[in-house]
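# Architecture at a glance
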Amino acid sequence: MTSARQKTTVCETCGATIDPTGSGDLGCLACLLDAAMQGAYPERDAPDDDPPETIGPYRIRRREDGRPWILGTGAMGITYCAEDISLQRSVALKLINADFGQRGSEARERFLREARAAASLHHPHVATIYQFGIEEESGRCFFAMEFIDGETLEQRVQHHGPLPVAAVLEIARQIAAALIAAEQHRLVHRDLKPANIMLATEEKSDRHLVKIIDFGLAKALGESADARTLTNGAFVGTPAFASPEQLRRVPVDVRSDIYSLGATLWYLLTGHMPFGDEATAGPPLAQLKAARVPSTFVSLLVSMLALEPAARPRPAEIVAQLAAPPQRYWRLPWLGAVGVLLLTLILGGYLYLAPRPAKVSPVPPPPDKSVAVLPFENLRGEKESAGFAAGVHDALLSDLAHIADLKVISRTSVLQYRSGEPRNLREIGRQLSVAYIVEGTIQIAGKKMRLSAQLIDTRTDTHRWAQTYDRSLDDLFAVESEIAQTIAEQLNAEIAPNEKAEIENQPTHDLDAFSLYTRANSLLADTAFNPRGKANLLLAAQLLAEAVARDPNFLLAWCRLANAHDSLYFLGFDRTPWRLSLGESAVNTALKLLPEAGEAHLARGRHLYQGYLAYDAALAELGIARRTLPNDPGVFTLAGYIYRRQGKWEESTREFENAVALDPRNTFLLQQTSISYNLLRRYNDTAIILDRALLIAPNDIALRLSRAQVDLDWHAETRPLHAVLSTILAKAPAAAPDLAGAWLFVSFCERDPAAIDKALAALGDGSFGPDAIQLRRIFWEGLAAKMRGDKAGAQQAFSAARAEEARKVAAAPDFAPALCMLALMDAALGDKDQALREGRRAVEMLPVSRDSINGAHMIEFLALTSAWIGEPALACDQLEVAAKIPGTLSYGQLKLSPMWDELRGNPRFEKILATLAPDR
């Protein structure tokens, strides 16, 4: 539905309809990029070849033949090597094109204003601007900046070819460090590209020093009163390196420079630009693979080139991900804190203590009727063929997953074994716990295709079956269906009549719609714990909307479209009735198309849970979905979430374990399962599954912290968590704010005032606590003062914390977690009666029967409140309840945290502590 306020706009080049909130009458993004790559934009008038002898206090140097010494030319003007007559030093003097001076006094004043802002940026990796002004006689603008003896990155690539990966990593670190400073000054370069980055050799070393030139001046020179055309200044930058929002003429910030930096780094690595003439297609990763770029750097580059600005990393995140050792060119934040922390480790005699090994049971052999379909290899290497290869893989997985007599591994786990790379099938079979693996290739030539598939026994590494199909491209789904049934026959799997009908039913007759669906599936799978989550969901919704527009009977696309809209609502990215209604409409359409389809009922169940928290109704829909989706981990995962929220722990755990069996290398699913084990205090199982996840993603910070904290909760051992924090901080100091909660927790448990202060500084304006109990920094400052015996400091901090929490309670009186936190602060301030009333009311408002996780926290915090007001008996009454139900209350917390100091030595408290102690 289109709002009445929206107007229909079309691209002047191709006639395509344009989103009225997007690029307006400039044209569609695809045409803009196409024009950029083909040099369709006319250049500005070239400046005079023979400049004046002097410009202000600068004398332009000349070569031996008398010609002026030109350092470079560009759209803004021409740069000369000049001499500062007064200081007798070399400078780079840029004389702005004459046409800029003809725009009038307003343009010249804007130049001076913007140039003044740019000159305020001082950084080792930004060329310093010495002076800027307007030449009196001609009225032409100029600026003088630091002279750099070297070459641009563009010249380096043109003369020597792509750069080594190590060199590009170092360049990326230096530029990202400069962008951190620019962001603090609210400056945007707007024309970051290889030609605007100088590479100089540092004196007395062979290290290369990167310097960005023309920082922030593109805006001063690119704006125009006429914003209708790119050539008159509405567009600022170089099209081939410009961000999509620059081309669309919308406001930009540092994330636009991040996009340009990503394009620049890609060019340095490959000698090519990441995008051709298809603006919405993903970048050609094969170029990076050929350049032997590490996968972590590839992922970073792809995120930098995200079409949605919000999906791109910030400069500090780039520095953290590159995890470079500190260089003398700039100071890394938190270096001092890390050094003190490491020194504390050494002086305190702490040696690195690895997490205690978990007791692992023997792995049973895989079922005979178990199979994993690995991604098919695209033999032609073209984008279109790659899309079909992914589509065949998805369709084959979907068909096999309908067969109840088979165990079929889910898409997320098998996608990790990329096509075209060496595969150890025995090891893959062991990792996925399957007896058989399917591999395949696809080759497209016009309307013809050659599709090959083979079935391999992972236990003996022998071929069970192989077949090649030469067919028309229109027969794609018929061939895929034939392969699925042949595999089932080879494995002696029974196919029920309804399953056979599902397999033979083609998802769509429109191959382009199926391609859109396949791309959207990939985006939806890469959403959890991903800073690009919102952008991925929005783009997936757009692609799926296009798919169902092409084929209104495309059931699977309608289901996934509902998933995209519901996730945007549930995750808080767009929590509006309009977004929820879009999900409702997509679900209803799917159910009308095929009322008995398991996919439609799964979509309905997810919609009821994410949109309305209607647990029982959602479970009823999942019961229907199970009949035709026996191998879909999404059915089991959603049921696990619902049962966990209801406090049905046995059922929840079983559902998560069933999901993991079908999706064994999904780290998000493994982490969710570990949360359930931890709440049940099944710490050995928690450790096992986190160890398993870390084998898949060894550098995942959240997984590493979770694994180390198991030892604190289980055995009251702080050293593993302390060591992991120290290691991460030493390699990525900028990650300190993300680690602040764990850092603060372990510092309190170790009763280290200096470390607590550093963790509080890292926490900043953030909050820390379990689940819905999020306590702000001022509360933790009060606890630190209380621990030190500083009564006045504690009183002051707790008073400020109480005032802040009271405002929250007034704004949301039905929010029990806020009330229970207010109770604790009143207890700290000595208001016993008020604290007890508030704490008891919070337990009544949010019982465990309503919310098993946060309800347990209400009981735990009532115990804490009672302890702080001098009621140990009441506190122990509540603790006995909390210790017997699933929750985060642990032996390590009770034993080490100063929160519970009022109860130490109390016989009942010590008995409760003993019941939580691990078996030795």
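Everything numeric in this text was worked out from a predicted model, so none of it was measured. In this numbering scheme, every chain counts its residues from 1 along its sequence in written order. Where totals are concerned, whole chains, interfaces and linings use all residues; where local detail is concerned, this predicted model gives features only for residues with pLDDT of at least 70, and gives and counts side-chain atom pairs only at 80 or more. The basis for every side-chain value is the complete set of non-hydrogen atoms in the structure, without hydrogens or water.

With that settled, the discussion passes to the overall build of the chain. Secondary structure elements are taken from DSSP: a helix is a run of H or I of four residues or more, a strand is a run of E of two residues or more, and numbering for both begins at the N terminus. Secondary structure assignment for the chain yields 40 helices and 20 strands. Scored against the burial criterion, the 920 residues of the chain give a buried share of 53%. When contacts within the chain are restricted to residue pairs at least 6 apart in sequence, those whose partners lie at least 24 apart make up 61%. By element, 51% of the accessible surface of the chain is carried by carbon and sulfur atoms, the whole surface being about 40,900 Å². The buried label applies to any residue whose accessible area, calculated with a 1.4 Å probe on protein chains only, is under 20% of its type's maximum; exposed applies above 50%, and partly exposed to all values in between. Two residues form a contact once any of their heavy atoms are found within 4.5 Å. Areas reported as accessible are Shrake-Rupley estimates using a 1.4 Å probe. Residue values count occlusion only from the protein chains shown.

This part is about a nonpolar patch on the surface. Candidates for patches are residues over 30% relative accessible area with no salt bridge; among them, like charges are joined within 9 Å and nonpolar side chains (Val, Leu, Ile, Met, Phe, Trp, Tyr) within 5 Å. Within this document, salt bridges are pairs made up of a side-chain nitrogen of Lys or Arg and a carboxyl oxygen of Asp or Glu, the two lying within 4 Å of each other. Nonpolar side chains collect at one region of the surface, where Phe570, Leu571, Phe573 and Leu613 lie side by side and expose about 340 Å² of accessible area between them. Structurally, leucine 613 can be placed in the loop between α23 (598-612) and α24 (615-628).

A word on helix α17 (residues 476-490). Helices are assigned an expected span. That span is 1.5 Å times one less than the residue count. Along its 15 residues, α17 runs 21 Å from first to last C-alpha, staying within 8% of the 21 Å computed at 1.5 Å per residue. Buried within α17 we find Leu476, Phe477, Val479, Glu480, Ser481, Ile483, Ala484, Gln485, Thr486, Ile487 and Ala488. Where α17 terminates, the next one or two residues include asparagine 492, which has phi positive at roughly 60 degrees.

Here we take up the packing of aromatic side chains. Here a pair means two rings of Phe, Tyr or Trp (six-membered ring of Trp) with centres within 6.5 Å. Their orientation is stacked below 30 degrees between planes, edge-to-face above 60, and tilted elsewhere. Taken as a whole and judged by the stated rule, the model has 14 aromatic pairs. When the centroid spacing of 5.7 Å and the interplanar angle of 40 degrees are considered together, the rings of phenylalanine 514 and tyrosine 517 count as tilted. One end of the pair is phenylalanine 514 and the other is tyrosine 517, both in helix α19 (residues 511-525) and three residues apart, which spans about a single turn. Considering the side-chain rings of tyrosine 641 and phenylalanine 656, the 5.6 Å spacing of their centres and the 75 degrees angle between planes classify their relative orientation as edge-to-face. Here the residue tyrosine 641 occupies a position in helix α25 (residues 633-646), and phenylalanine 656 occupies one in helix α26 (residues 649-662), the gap between them amounting to 15 residues.

This next bit is on the side chain of arginine 644. Structurally, arginine 644 is set in helix α25. Judged by relative accessible area, which is 8%, arginine 644 ranks as buried. Not counting the four nearest positions on each side in its chain, arginine 644 is found in contact with Trp649, Ser652, Phe656, Gln672, Ile675, Ser676, Ser852 and Ile853.

What follows concerns the nonpolar core. Grouped together as the largest cluster of nonpolar side chains are 78 residues, with contacts concentrated most on Leu400 and Ile483. It is helix α21 (residues 555-570) that contributes the most residues to this core, nine residues altogether. Non-local contacts of leucine 400, meaning those with residues more than four positions away in its chain, are made with Val373, Leu406, Val408, Ala484, Ile487 and Asn631. Nonpolar cores were defined as sets of buried Ala, Val, Leu, Ile, Met, Phe, Trp, Tyr and Cys residues, with membership established by side-chain atoms within 4.5 Å. Core analysis: the second largest hydrophobic core is formed by 76 residues, Phe748, Val809, Leu879 and Ala882 among them.

Let us now look at the pairing of strand β13 (residues 370-373). Where burial is concerned, the two faces of β13 agree: the one with Ser370 and Ala372 and the one with Val371 and Val373 are both buried. Between any two strands, at least two bridges found by DSSP are needed for them to pair. Examined bridge by bridge, β13 and strand β15 (residues 407-408) share two bridges and lie parallel to one another. Across the sheet, residue valine 371 finds its bridge partner in β15, namely valine 408. Relative to strand β16 (residues 436-445), β13 runs parallel, the two being bridged by three bridges. In the sheet register, valine 371 faces β16, and the bridge partner there is tyrosine 436.

Another point: the packing of helix α27 (residues 667-679) against helix α28 (residues 683-696). Angles run from 0 to 180 degrees between N-to-C directions of axes, and those axes are lines fitted to C-alpha atoms, restricted for helices to the stretch in contact. Contact geometry for α27 and α28: axes closest at 8 Å, N-to-C directions at 165 degrees. With respect to their mutual orientation, α27 and α28 come out roughly antiparallel. Judged by the sense of rotation from one axis to the other, the crossing of α27 with α28 is left-handed. Between α27 and α28, the contacting residues are Thr667, Leu670, Thr673, Ser674, Tyr677 and Asn678 on the first element and Tyr683, Asp685, Thr686, Ile689, Leu690, Arg692, Ala693 and Ile696 on the second. Any residue that is not Ala, Val, Leu, Ile, Met, Phe, Trp, Tyr, Cys, Pro, Asp, Glu, Lys or Arg is counted as polar, Gly included; the first ten are nonpolar and the last four charged. Tallied by class, the residues present in the contact of α27 with α28 amount to seven nonpolar, five polar and two charged. An angle counts as roughly parallel when it lies under 35 degrees, as roughly antiparallel when it exceeds 145, as roughly perpendicular when it falls between 65 and 115, and as oblique in every other case. Crossings are sorted by hand: turned counterclockwise from the far helix by less than a right angle, the near helix makes the crossing left-handed, and turned clockwise it makes it right-handed.

It is worth spelling out the environment of cysteine 820 at this point. Inspection of the secondary structure assignment puts cysteine 820 in helix α35 (residues 816-828). Placed 21 residues apart in sequence, cysteine 820 and arginine 841 show a C-alpha to C-alpha distance of 8.1 Å.

Two elements in contact, α27 and helix α29 (residues 701-715), have axes whose closest approach is 12 Å; the angle formed by their N-to-C orientations is 15 degrees. Classed by the angle they form, the pair α27 and α29 counts as roughly parallel. In this structure, α27 meets α29 at a crossing whose hand is left-handed. Of the residues in α29, those in contact with Thr667, Gln671 and Asn678 of α27 are Ala702, Leu703, Ser706 and Asp713. When grouped by side-chain class, the residues that make up the contact of α27 with α29 number two nonpolar, four polar and one charged.

Moving on to the confidence of the model for the chain. Residues with a pLDDT of 70 or more make up 80% of the chain, whose mean pLDDT is 80. pLDDT expresses how confident the predictor is about each individual residue, on a scale running from 0 to 100. Contacts of residues 220-235 to residues separated by more than four positions or lying in other chains number 37 contacts, the stretch itself having pLDDT below 50. Within the model, pLDDT remains below 50 along residues 324-353, and this stretch shows 55 contacts once partners closer than five positions in the same chain are excluded.

The next point concerns the pairing of strand β18 (residues 462-472). Where a strand is regular, its side chains alternate between the two sheet faces. Here strand β17 (residues 448-457) pairs with β18 via ten bridges, running antiparallel. Bridge pairing links methionine 449 to arginine 471 in β18. Count of turn residues in the β17/β18 antiparallel hairpin: four residues, of which aspartate 461 carries a positive phi of about 60 degrees.

Here the focus is the environment of arginine 190. You can see arginine 190 is positioned in the loop between α5 (165-184) and β11 (197-201). Residue class for arginine 190 comes out buried when judged on its relative accessible area of 15%. When the C-alpha atoms of arginine 190 and serine 260 are compared, they prove to be 8.3 Å apart, with 70 residues separating the residues in sequence.

For the coordinates displayed, the defined rule picks out 39 salt bridges. For arginine 707, the salt bridge identified is with aspartate 691, shortest N-O distance 2.6 Å. Of this pair, arginine 707 sits in helix α29 while aspartate 691 sits in helix α28, and the two are 16 residues apart along the sequence. Taking the shortest distance from any N to any O, the salt bridge between arginine 904 and aspartate 901 comes out at 2.9 Å.

Once that is clear, we can look at the environment of alanine 586. In this fold, alanine 586 is placed in helix α22 (residues 577-593). By relative accessible area, alanine 586 is classed as buried at 2%. For the pair alanine 586 and alanine 600, spaced 14 residues apart in sequence, the C-alpha separation works out to 9.6 Å. Apart from residues lying up to four places away in sequence, alanine 586 is in contact with Trp558, Leu561 and Ala562.

For leucine 613, which is not glycine, the phi torsion reads 50 degrees and is therefore positive. Positive phi, normally seen in glycine, also occurs at alanine 716, with a value near 60 degrees. Here alanine 716 is to be found in the loop between α29 and α30 (719-731).

Now for helix α37 (residues 852-868). Taking 1.5 Å as the rise per residue, α37 with 17 residues should run 24 Å; its terminal C-alpha atoms sit 25 Å apart, in good agreement. Burial of α37 is extensive: 17 of the 17 residues sit out of reach of the surface. Sitting at the head of α37, aspartate 851 places a side-chain oxygen 3.1 Å from the backbone nitrogen of isoleucine 853. Where α37 terminates, the next one or two residues include glycine 870, which has phi positive at roughly 80 degrees. Polar contact criterion, stated in full: a pair of N or O atoms within 3.5 Å, where within protein one must be able to donate a hydrogen and the other to accept it, and residues adjacent in sequence count only if both atoms are side-chain atoms.

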